[in-house]
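Coordinates in review
The chain contents come next:
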Amino acid sequence: MSRRDQIKMTDDEIVEYLRGRHVMNVATIGKDGRPHLVAMWYGFFDDGALGFWTYGRSQKILNLKRDPRMTCLVETGDEYAELKGVEIVGNGVVIEDRDEVMQIGRSVFERYTGPWSDAAAPAVEAMGAKRFAVKIEVEKMVTWDHTKLGGVY
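This structure is a prediction, so every number in the text was calculated from the model and none was measured.

**Thoughts on the pairing of strand E7 (residues 131-145)**
Sheet analysis places strand E4 (residues 50-55) next to E7, joined by five bridges and oriented antiparallel. Bridging from a neighbouring strand, Trp-53 pairs with Ala-133 of E7. Summarising the sheet, strand E6 (residues 84-95) and E7 pair through twelve bridges and their orientation is antiparallel. Each bridged residue has a counterpart across the sheet, and for Val-94 the counterpart in E7 is Val-134.

**Remarks on the packing of aromatic side chains**
Geometry of an aromatic ring pair is reported as the spacing of the ring centres plus the angle between the planes. What the rule picks out here adds up to four aromatic pairs. A ring pair is formed by Trp-41 and Tyr-112, whose centres lie 4.6 Å apart and whose planes are at 5°; its orientation type is stacked. Separated by 71 residues along the polypeptide, Trp-41 in the loop between strand E2 (35-40) and strand E3 (43-44) and Tyr-112 in helix H4 (residues 98-112) bring together distant segments of the chain. On the basis of relative accessible area, Trp-41 is assigned to the partly exposed category, the value being 42%. Aromatic pair Tyr-42 and Phe-44: ring centres 6.0 Å apart, planes at 70°, arrangement edge-to-face. Just as Tyr-42 is buried, Phe-44 falls in that class too. One aromatic cluster in this structure is built from Trp-41, Tyr-42, Phe-44 and Tyr-112.

Procedures and definitions
Residues numbered from 1 in each chain as written. Predicted model: local features only at pLDDT ≥ 70, side-chain atom pairs only at ≥ 80, totals over all residues. Heavy atoms only, no water. Pairing = 2+ DSSP bridges. Helix = DSSP H or I, 4+ residues; strand = E, 2+ residues; numbered from the N terminus. Phe/Tyr/Trp six-rings, centres within 6.5 Å; stacked < 30°, edge-to-face > 60°. Buried < 20%, exposed > 50% of the residue type's maximum accessible area, 1.4 Å probe, protein only.

Here it is, written out as structure tokens:
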């Protein structure tokens with residue numbers, strides 16, 4: 001077995017890892033062709049797709065409307081033997097539908113802020129007033145989990 005095959009995550013491991021509370025680095029393509037890279041909290045749509053929400057006038061949205069290609073990275077680990085990550089290559093679908101925007105907004109809130117409650121709803125609604133959602137259409141994923149190497153480099 002190749003070293004690359006040794007560190008690949010299984011589908012179940014990918015799901016478990018992405019369900020963890022991490023930051024996603026999101027790269028879109030700017031007007032000049034250079035990457036625009038930002039760190040985002042992310043969540044899941046009801047169908048399980050990855051996504052995030054952001055202001056409708058953000059550079060990410062402008063870039064994705066012009067060119068939907070994007071690459072995202074979720075990674076953790078401070079030492080080589082701890083490194084884990086998922087690179088997600090695909091397209092970003094910009095969503096303006098309020099129900100879907102609030103769906104991802106609620107997911108992000110629950111993952112990073114706390115349990116959903118009726119009291120939280122008005123605040124999340126207010127936060128979402130000027131936001132759009134981005135659903136990531138995954139074309140491929142590249143994964144690594146160096147903990148599978150057992151400390152052997």
